[in-house]
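# Descriptive structure summary
Listed below, chain by chain, are the residues.
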Amino acid sequence: MPEQRNLKSEMPRRDEEDSRLLVPSSLELGPGAVDKYVISKQIVRMQEPRKLTPDDLDERRVIYPESPDRGLVNRFRNLRTKLLELSGGNNFTLVVSGASPGAGTSFVALNLAAAFAFDQSKTALIIDCNLRDPSLHSTLDVMPETGLTDFLDDPDFDIARILYPTGIPRLRLIPAGSRRETPGEFFTSFRMKQFLQAVRRRYPDRFIVLDTAPISESPDARILTELCDYAMLVVPHGKITATTAENAAMAFNPDKFVGAVING
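Residues numbered from 1 in each chain as written. Predicted model: local features only at pLDDT ≥ 70, side-chain atom pairs only at ≥ 80, totals over all residues. Heavy atoms only, no water.

### Some remarks on the overall build of the chain
How we decide: Segments assigned H or I by DSSP are reported as helices when at least four residues long, segments assigned E as strands when at least two residues long, and all are numbered from the N terminus. Only protein chains enter the area calculation, which uses a 1.4 Å probe; residues under 20% of their type maximum are buried, those over 50% are exposed, and those in between are partly exposed.
When you go through the chain residue by residue, the secondary structure sums to 9 helices and 8 strands. The buried share of the chain, taken over its 264 residues, is 54%.

### Considerations on helix H7 (residues 190-202)
Counted only if it meets this: How far a helix is expected to stretch is found by multiplying one less than its residue total by 1.5 Å.
Here H7 contains 13 residues, and its C-alpha end-to-end distance of 18 Å stays within 8% of the 18 Å for a straight helix at 1.5 Å per residue. Burial analysis of H7 places 11 of its 13 residues in the buried class, which makes it a mostly covered element.

### Considering the nonpolar core
In a soluble, globular protein the nonpolar side chains are often hidden away together inside. Keep this limit in mind: Residues belong to one nonpolar core when they are buried, are Ala, Val, Leu, Ile, Met, Phe, Trp, Tyr or Cys, and are joined through side-chain atoms within 4.5 Å. Here, residues are in contact when the closest pair of their heavy atoms is within 4.5 Å.
Phe-76, Leu-83 and Ile-126 are the most contacted members of the largest nonpolar core, which has 42 residues in total. Those elements that place two or more of their residues in this core are helix H2 (70-87), strand E2 (93-98), helix H3 (105-117), strand E3 (123-128), strand E5 (171-174), strand E6 (206-211), strand E7 (230-236) and strand E8 (257-263). Here the element with the most residues in this core is H3; it accounts for 10 residues. Those residues in contact with Leu-83 that lie beyond four places of it in its chain are Phe-92, Leu-94, Leu-112, Phe-116, Met-232 and Val-258. Of all hydrophobic cores here, the second largest spans 38 residues; its members include Leu-196, Phe-252, Ala-260 and Ile-262.

### A few points about the side chain of Ser-100
When you line up the elements, Ser-100 lands in the loop between E2 and H3. By relative accessible area, Ser-100 is classed as buried at 11%. Residues within four places of Ser-100 in sequence aside, it is in contact with Pro-214, Ser-216, Pro-236 and Ile-240.

### So, a negative patch on the surface
Quick note on the threshold: For patch building, the residue pool is restricted to those with more than 30% relative accessible area and no salt bridge; the joining distance is 9 Å between like charges and 5 Å between nonpolar side chains (Val, Leu, Ile, Met, Phe, Trp, Tyr). Surface accessibility follows the Shrake-Rupley procedure with a 1.4 Å probe radius. Residue values consider only the protein chains on display as shielding. We count a salt bridge whenever a side-chain nitrogen from Lys or Arg sits within 4 Å of a carboxyl oxygen from Asp or Glu. Counted charges follow a simple rule, with Lys and Arg positive, Asp and Glu negative, and His plus the chain ends left uncounted. By convention, charge coordinates are those of NZ in Lys, CZ in Arg, CG in Asp, or CD in Glu.
Judged by side-chain charge, Asp-55, Asp-58, Glu-59 and Asp-69 come together as a negatively charged surface patch. You can call Asp-69 partly exposed: its relative accessible area is 32%.

### Let's talk about the environment of Asp-229
As for its placement among the helices and strands, Asp-229 is situated in the loop between helix H8 (220-225) and E7. The spacing of Asp-229 and Asp-255 is 26 residues in sequence and 9.3 Å in space, taken between C-alpha atoms.

### Section: the confidence of the model for the chain
Note the following rule: The pLDDT value expresses, per residue, how confident the predictor is, ranging between 0 and 100.
Residue-level pLDDT values for the chain average 82, and 80% of them are 70 or greater. Note on residues 8-44: pLDDT under 50 across the span, and 90 contacts to partners over four residues away in sequence or across chains.

### Re the pairing of E3
Selection rule: In this analysis, strands are considered paired if DSSP registers two or more bridges between them.
The element E3 is extensively covered by neighbouring structure, given that 6 of its 6 residues are classed as buried. Side chains of E3 alternate between two faces, with Thr-123, Leu-125 and Ile-127 and Ala-124, Ile-126 and Asp-128 buried alike. Relative to E6, E3 runs parallel, the two sharing 6 bridges. The residue bridging Asp-128 from the neighbouring strand is Asp-211, located in E6. As paired strands, E3 and E5 are joined by 4 bridges and run parallel to one another. Opposite Leu-125, over in E5, you have Arg-172 as the bridge partner.

### Describing the pairing of E5
Successive residues of a regular strand alternate their side chains across the two faces of the sheet. Neither face of E5 is left uncovered, since the one carrying Leu-171 and Leu-173 and the one carrying Arg-172 and Ile-174 both have all their residues buried. The pairing of strand E4 (residues 164-165) with E5 spans 2 bridges and is classified as antiparallel. Along E5, the bridge assignment pairs Pro-165 with Arg-172. Taken together, E4 and the strand that follows it, E5, pair antiparallel across an intervening segment of 5 residues, in which Gly-167 is found at a positive phi of about 90 degrees.

### Quick word on the packing of aromatic side chains
Which entries qualify depends on this criterion: Only rings of Phe, Tyr and Trp enter the pairing, Trp through its six-membered ring, and a pair is recorded when the two centres are within 6.5 Å. The plane angle decides the type: under 30 degrees is stacked, over 60 is edge-to-face, the rest tilted.
Under the counting rule described, the total for this entry stands at 8 aromatic pairs. For the pair Phe-92 and Tyr-230, a centre-to-centre distance of 5.4 Å together with 65 degrees between the ring planes defines the contact as edge-to-face. With Phe-92 in the loop between H2 and E2 and Tyr-230 in strand E7, this pair connects stretches of sequence that are 138 residues apart. Of the two residues, Phe-92 and Tyr-230, both sit in the buried class.

### Some thoughts on the state of the cysteines
Test applied: Working definition: a disulfide is two cysteine sulfur atoms within 2.5 Å of each other.
Within the structure shown, the criterion is met by 0 disulfides. No disulfide involves Cys-129; its nearest neighbouring cysteine sulfur is the one of Cys-228, lying 7.7 Å away. Overall, Cys-228 belongs to the buried group, its relative accessible area being 0%.

### As for the pattern of salt bridges
For the structure shown, the criterion picks out 4 salt bridges. Its salt-bridge partner being Asp-56, residue Arg-60 comes within 3.9 Å of it at the nearest N-O pair. Here Arg-60 and its partner Asp-56 are both found in helix H1 (residues 54-60), 4 residues apart, which amounts to about one turn of the helix. The closest approach of N and O atoms between Arg-60 and Asp-141, which form a salt bridge, is 3.8 Å. Remark: Asp-141 occurs in the loop between helix H4 (136-139) and helix H5 (148-153) and Arg-60 occurs in helix H1; sequence separation between them is 81 residues. Taken together, the shared-partner salt bridges in this structure form one network comprising Asp-56, Arg-60 and Asp-141.

So this is what it looks like as structure tokens:
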């Protein structure tokens, strides 16, 4: 069960068709940067071609409003509330990384995204940035043909091709993609910066969660934190020392690190 720890208490709407709509954000690429980005084709409106049943969600350990596990639902709702307080109610991009392998990062990232999607006036997007060991598509029973790396590889790729329904209302998935040899190069590319900014501008009510490889195993989380608003650490309960957890937390940019979630 996740338990939030040391979240900072201070720090400073449905899909939209206008890709020029500006959203309060700590990210800014400069005037006209996003306009040059390939976003001419419209991202399809939110539709639910399939819907996971309560039994499906229970089996996948994904929360939903009517879940009988009220303790778990409330923990993620409380975590969502804390993050909204941090952002002043604005949408944001959040990196979620584990202090060690097996921390349960994907479990926390997916359920947090699902908690944001509870609100019928909000939408959520979860991006599988764990290129070395992607798992979200399997958890959600999605069979993607393309994903993030395919989009970053091709300037003419349509974003709509990598947005997948999850079976959870108002929640979309961008899977890792077919090319995963050099994740650092993908995440340091200018196109990755453009991608995140474009998704934010197009969907002003969308909360974006990035599921990443453990920060102890890869620089990916640190790289992506510089492109996002916030970063969160998942610490497996009873499996690592306090020193290991502290060192993992210190690896993040302190201006963006919001705290740790104890999972177990």
